[in-house]
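# Structural characterization, general
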Amino acid sequence: MPAVPTTVAPDEPGAVDTPIVARTARTVAEPTSTPLPDPSPTTTPEPTATPTPKPTATSTPEPTPEPTPGPLSPAQIFDLIAPSIVFIQTNSGTGSGILIEGGYIVTNAHVVWPYNAARVVFKSGEEFTDVQVMSKDVLADLAILGPVETSARGLRLADGENLPIGTETYLIGYPGETEAFPQPTITRGLISRVREWEPAGITYFQTDATIGFGQSGGALVNDFGMVIGISGLINYDGNFAIVASSADISPRVDDLILGGEALTADRGIPFNLGRFRVEDSLRTYWSQGAYVINEPAGTRVDVELISNTDSGLSIRDLYGWELLSVNESVGDTEMGSFVTEYGSPYFLIAWVDSEVSTDLSLTSNQRLIAVQDPDDGAVLDLEIPYYGNIDFPGDIDYLHVNLRQGERVSIGASSTLLDMYLTIDFIGAEDQEVVVDDNSGLGFFGADAKVVFEAPFTGSYFVVVQDPDGYAPGGYLLSMESAASTEPLTTTTWASTFEDPEDSSTTSLSVFGLNELVSAFSSLPDSFEEVDPSELDLSIEALGFDQLFSELAVFLSADPFEMIMAASGPLTSADRVFFDLSMSSTGIDEFMEGFLYGLEAQAITFELHDSALLDSTNVGDASFGAVVDFTSDGVRLVVEMIMFRRDDVGAVVYTYHEPRENAAVSVHEVALMLDAEIREFSVTR
């Protein structure tokens, strides 16, 4: 069964906000992913020793472009640039890179994370199976690989910031590739506008040149054949790309090659050693015990957590998907098991619900490799910027700040890769005293956080930074300044974000529950019967619907076979923004990524026959539809899908049937049934 399509992948950051719940119930959020269809090696590649010539840095670009005879044709630009654009492959994803002088390759940090080496293929077919990742800057999302000895020409990173809006540009890279020796692609667009990310001093070009997953690290080229940017970000609906300017990136590249220190260097993920039994001590409520499990695909992992207070553990894969979450008992033992699907690292995160130092014991049948996080326990000072890093999916960083009673401060967190979420807490605080913020800091994509806080006493406070989407890696900038007495305080708290469905006085996220979901399909033909999803080995978590939805309903018609699957759930304000952006997409690729990932995750072999956009007119306030025709295990099926939002309720419906012209119901009809129920619910609640 397919997973809910997302617009987020390991090499394309995005955001789907997860509603915050009570402090004692940890929020688990999900990033998205672009896994390889057939993950190959089941062990993490180690870089082979390569003779390294004396580093030579590219020169910082001059503001005036080199003179050329005139604009080049798209074919000429492709012939000039494409031989130096490389395909990059790791155990868990693919991306693009740019060969520069000295045999070095520039790409995005998130393309190669968390590995120390990657496979590199040139357009000519030249292959390097184990190229060293020599340096990363996760704040600027940069990585340097190599050097490699190749006959391909190193490209110069040129300054294009003086180009006017409307300048024709081209993106060259390897989007959506599954072949072992692919060819690069070229797409054309315009410089639509220029965006500035002031915290890191990076200019970004916005272009409508088509971008897809795998394009990260590719080149943005002007019509004179000059590389003016490195692609890395995509907006939610996929209609435009955000490309870092070479003028700002080039000095950083030079510095990284020459051994300079990045503002937020990737600390790396440990792959070796580890123990079967770990004793740990978590000092605060916000502390985590984080461990890597690095085993081949198909390995069963059993874990046991023992603590003298309420504790829990979760396991996430490299893309942030939660595969296991256990928090069933108080002051006793938590146990769980899962089977690795890929030969890439998994992350076990343990926590305790205690404000004092608590000892815990972890035992597993596989080795647990401890992850160290230097951000935890660091100190944030006035007027001194702090550069931190979300090191792994689900990482929560906590810093200390000392304030005087009545002191007002403004604390902000900014990032391009992460959706910042800030919390101000202190020992002994009640839920209504813990201040939180998601997007008040606006920022590059409106995902920065900002809290204005007045200290109720003189003492130490926690400043907690996290990405509710669970994405990693990502650098962030944390700052604290004195706030004027006229600046309004942040009023959102843990208490105000907690949702109790039985409390009628709480209306910020009304629950469209299972009864309402099932009621929406009361007018289905008599041949359809509601079935318990568990009877079909279906669940919200297994299908990936828990990213956004909380309820699942399934209906079957036996002869001829037809199945309807629907999920729904409440949306936060940030979720609604995401829906309005992503549902306006005309990119079937986003749906296909999620659909194929769902099949691959269940080890289903399939042959894809066709896919297309599907009409979703008049469904919800924002909607997106697609249809996929495929054969799996000798059975041919057509899957139709519409995902939509109505007010603060999100929903997705799927219909599965054999290929035929007249199915009992169309997905459009089913979506309208559900939308009508949600509309009525919104009016009467």
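Being a predicted model, the structure only gives us computed values, none of them experimental. (Residues numbered from 1 in each chain as written. Predicted model: local features only at pLDDT ≥ 70, side-chain atom pairs only at ≥ 80, totals over all residues. Heavy atoms only, no water.)

Bringing the pattern of salt bridges into the picture now. For side chains of opposite charge, pairing can occur when their charged atoms come near one another. In this structure the tally under the stated criterion is twelve salt bridges. Between Arg-277 and Glu-279 there is a salt bridge, with the nearest N and O atoms lying 3.1 Å from each other. Through salt bridges with shared partners, a single ionic network connects Asp-621, Arg-645, Arg-646 and Asp-675. (Salt bridge = Lys/Arg side-chain N within 4 Å of Asp/Glu carboxyl O.)

What follows is about the sheet that holds strand β32 (residues 562–570). Taking strand neighbours across the sheet as the criterion, the seven strands line up as β30-β31-β32-β36-β35-β34-β33 in an open arrangement whose pairing is antiparallel. Every other strand in the sheet has two partners, leaving β30 (529–531) and β33 (606–613) as the edge strands with one partner each. For this sheet, the mean inter-axis angle between neighbouring strands, taken without regard to orientation, is 20°. The pairing of β30 with strand β31 (residues 551–557) spans three bridges and is antiparallel. (Pairing = 2+ DSSP bridges. Helix = DSSP H or I, 4+ residues; strand = E, 2+ residues; numbered from the N terminus. Axes fitted to C-alpha atoms, helices over the stretch in contact; angles between N-to-C directions.)

Let us now look at the pairing of strand β1 (residues 85–90). Of all six residues in β1, six are buried, a share of seventy percent or more. Along β1, one buried face is formed by Ile-85, Phe-87 and Gln-89 and the opposite face, lined by Val-86, Ile-88 and Thr-90, is buried too. Direction of pairing for β1 relative to strand β2 (residues 93–99): antiparallel, over a ladder of six bridges. Residue pairing for β2: Ile-85 is matched across the bridge by Ile-98. Hairpin connection, β1 to β2: the antiparallel pair is bridged by two residues. Sheet topology note: the β1/strand β4 (residues 117–121) ladder contains three bridges and is antiparallel. Note that in β4 the partner of Ile-88 across the bridge is Val-120. (Buried < 20%, exposed > 50% of the residue type's maximum accessible area, 1.4 Å probe, protein only.)

For the rest of this paragraph, the subject is the packing of aromatic side chains. Applying the stated criterion across every chain, the model contains 15 aromatic pairs. Taking 6.1 Å as the distance between ring centres and 15° as the angle between the ring planes, the aromatic pair formed by Phe-347 and Phe-392 counts as stacked. Within this pair, whereas Phe-347 is found in strand β19 (residues 346–352), its partner Phe-392 is found in the loop between β22 (386–390) and β23 (396–403), the two being separated by 45 residues in sequence. A single burial state applies to Phe-347 and to Phe-392, both of which are buried. A ring pair is formed by Phe-453 and Tyr-461, whose centres lie 5.4 Å apart and whose planes are at 70°; its orientation type is edge-to-face. Each member of the pair, Phe-453 as well as Tyr-461, is classed as buried. An aromatic cluster of three or more residues is present, and its members are Phe-426, Phe-453, Phe-457 and Tyr-461. (Phe/Tyr/Trp six-rings, centres within 6.5 Å; stacked < 30°, edge-to-face > 60°.)

All right, on to the sheet that holds strand β24 (residues 408–414) then. Note: strands within a sheet are paired through backbone hydrogen bonds, in either parallel or antiparallel orientation. Spatial strand order, β22-β29-β24-β27: four strands in an open sheet with antiparallel pairing. Because the sheet does not close on itself, it has two edges, and the strands there are β22 and β27 (449–454). Adjacent strand axes in the sheet meet at a mean angle of 20°, parallel and antiparallel pairs treated alike. Inspection of the sheet shows β24 paired to strand β29 (residues 474–482) by six bridges, in the antiparallel sense. Counted as the bridge partner of Ala-413 is Leu-478 from β29.

A separate point is the pairing of strand β7 (residues 168–173). Put simply, side chains in a regular strand alternate between the two faces of the sheet. Of all six residues making up β7, five are buried, and the element is well covered by its neighbours. Pairing between β7 and strand β8 (residues 185–197): six bridges, direction antiparallel. Looking across to β8, one finds that Ile-172 is bridged to Ile-186.

This part is about helix α1 (residues 74–81). Residues of α1 that are buried include every one of Ile-77, Phe-78 and Ile-81, and no others. Down the axis of α1, the buried side of the element spans an arc of 100°, and every buried residue falls inside it. (Arc of directions from axis to C-beta.)

Attention shifts here to the environment of Ala-297. Looking at the secondary structure, you find Ala-297 in the loop between β14 (289–293) and β15 (300–307). Considering only alpha carbons, one finds Ala-297 and Gly-343, 46 residues apart in sequence, at a separation of 4.6 Å.

In this section: the nonpolar core. Judged by nonpolar contacts, the single largest core of 54 residues is most densely connected at Ile-411, Leu-422, Phe-453, Tyr-476 and Leu-478. With residues near it in sequence (within four places) discarded, Ile-411 still touches Leu-380, Leu-422, Ile-424, Ala-449, Lys-450, Val-451, Val-463, Leu-478, Ser-479 and Met-480. Ala-82, Ile-100, Leu-157 and Ile-257 belong to the second-largest nonpolar core, a separate cluster that totals 35 residues. (Core = buried A, V, L, I, M, F, W, Y, C linked by side-chain atoms within 4.5 Å. Contact = heavy atoms within 4.5 Å.)

In this chain, Trp-113 is followed by Pro-114 through a cis amide linkage whose omega measures 0°. Geometrically, the link from Gly-146 to Pro-147 is a cis peptide bond, its omega value of 5° lying close to zero. Position of Pro-147 relative to the elements: it lies in the loop between β6 (142–145) and β7. The phi torsion at Glu-383 lies on the positive side, around 65°, for a residue other than glycine. Overall, Glu-383 belongs to the exposed group, its relative accessible area being 56%.

Mapped onto the secondary structure, Ser-557 falls in strand β31. Here Ser-557 falls in the buried class, since its relative accessible area comes to 4%. A distance of 3.2 Å separates polar atoms of two side chains, one belonging to Ser-557 and the other to Ser-527. (Polar contact = N/O pair within 3.5 Å; in protein donor to acceptor, adjacent residues only side chain to side chain.)

Moving on, we come to the environment of Phe-392. By relative accessible area, which is 2% here, Phe-392 ends up buried. With 21 residues separating them along the chain, Phe-392 and Val-371 place their C-alpha atoms 9.0 Å apart. Not counting chain neighbours up to four residues away, the residues in contact with Phe-392 comprise Trp-113, Gln-288, Ala-290, Phe-347, Ile-349, Val-371 and Ala-472.

Right, let's talk about the side chain of Gln-215 for a bit. Relative to the assigned elements, Gln-215 resides in the loop between β9 (202–207) and β10 (219–222). Look at Gln-215 and you get buried, because its relative accessible area is 1%. From its side chain, Gln-215 meets the backbone oxygen of Ile-172 in a polar contact 3.3 Å long.

This next bit is on the confidence of the model for the protein. Per-residue confidence for the protein averages 80 on the pLDDT scale, and 78% of its residues sit at or above 70. Segment residues 1–67 is flagged for pLDDT under 50; beyond a separation of four residues in sequence, or across chains, it makes 252 contacts in the model. Predicted confidence for residues 499–509 stays below pLDDT 50, and this span has twelve contacts to residues more than four positions away or in other chains. (pLDDT = per-residue confidence, 0-100.)

Of note, Gln-76 is situated in helix α1. A distance of 2.9 Å separates the side chain of Gln-76 from the backbone nitrogen of Ser-73, its partner in a polar contact.

The subject of this paragraph is helix α3 (residues 246–257). Over its twelve residues, α3 runs 15 Å from end to end, which matches the ideal 16 Å to within 8%, given 1.5 Å per residue. Where burial is concerned, most of α3 is hidden: ten out of the twelve residues are buried. Residues Ser-246, Ala-247, Asp-248, Ile-249, Ser-250, Arg-252, Val-253, Asp-254, Leu-256 and Ile-257 constitute the buried set of α3. Gly-259 sits one or two residues past α3 and shows a positive phi near 95°. (Expected span 1.5 Å × (residues − 1).)

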